[in-house]
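# Observations on the model geometry
Residue strings, one per chain:
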Amino acid sequence: MYRNILVSTDGSRLAVKGVKAGAKLAKSLGAKLTGVYVIPPYTPPMYGEGAIYVPGVSPKDYKRMSEKAARKALAAVQIEAQTAGVRCATTFVTASQPWQGILRAARANKCDAISMASHGRGGLGGLILGSETMRVLAHSKLPVLVTR
């Protein structure tokens, strides 16, 4: 049925729920797990005329810190996969919108399903705060397993 399941993580406890669900599904189907972490692109600090200059983070430092955070979050995916006894690959991508990075990673890694967690915000909260899960659901051509 499914041979490669993408799990997205941002390193939060909530994301681990989606990873665990994806690992269980992969175990039951004999599928591979692919973990993805989306890094927002570097945006240089902007200052107005009367702003006090505060040294920002250089693009090089931003990349180093972002990749370190990605490796830490993806290590949790590898641990869950190892615990479940499934093969695992991990990757991180840069995208201004996390949902776009998730879908791009799913295509690039030839995944046939996506597993992710949701905060469960609906209605006005989801509208104001946005929901990456809802955007993935709206734009994905792949089946999406959502865990709350």
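This text gives an overview of the structure that appears in the document. Everything numeric here is computed off the predicted structure, so don't read it as measured data.

## Overview of the packing of helix α3 (residues 98-108) against helix α5 (residues 132-139)
Relative placement of two packed helices is described by the angle separating their axes and the distance separating the axes. One can describe the packing of α3 onto α5 by two numbers: an axis separation of 8 Å at closest approach and a directional angle of 45°. By the criterion of interaxial angle, the relationship of α3 to α5 is oblique. As for how α3 packs across α5, the hand of that crossing is right-handed. Of the residues in α5, those touching α3 at P98, W99, I102 and L103 are E132, R135, V136 and H139. Its residues assigned to classes, the contact of α3 with α5 comprises five nonpolar, one polar and two charged.

## Notes on the environment of K20
In this fold, K20 is placed in helix α1 (residues 13-29). As for K20 and A81, which are separated by 61 residues in sequence, their C-alpha atoms are 8.1 Å apart.

## Details of unusual backbone geometry
The backbone of K110 sits at a positive phi, close to 55°, despite the residue not being glycine. Of note, K110 is situated in the loop between α3 and β4 (113-117).

## Focus on the pattern of salt bridges
Applying the stated criterion to the full structure yields two salt bridges. Two residues, R64 and D61, come together in a salt bridge whose shortest N-O distance is 3.5 Å. Here D61 and R64 lie together in helix α2 (residues 59-84), a separation of three residues that amounts to about one turn. On the accessibility criterion, D61 (32% relative accessible area) is partly exposed. When the shortest N-O distance is used, the salt bridge between R135 and E132 registers 3.6 Å. Here E132 and R135 lie together in helix α5, a separation of three residues that amounts to about one turn. We classify R135 as partly exposed; its relative accessible area is 31%.

What counts and how
Residues numbered from 1 in each chain as written. Predicted model: local features only at pLDDT ≥ 70, side-chain atom pairs only at ≥ 80, totals over all residues. Heavy atoms only, no water. Axes fitted to C-alpha atoms, helices over the stretch in contact; angles between N-to-C directions. Helix = DSSP H or I, 4+ residues; strand = E, 2+ residues; numbered from the N terminus. Parallel < 35°, antiparallel > 145°, perpendicular 65-115°, else oblique. Left-handed = near helix turned anticlockwise from the far one by under 90°. Contact = heavy atoms within 4.5 Å. Nonpolar A, V, L, I, M, F, W, Y, C, P; charged D, E, K, R; others polar. Salt bridge = Lys/Arg side-chain N within 4 Å of Asp/Glu carboxyl O. Buried < 20%, exposed > 50% of the residue type's maximum accessible area, 1.4 Å probe, protein only.

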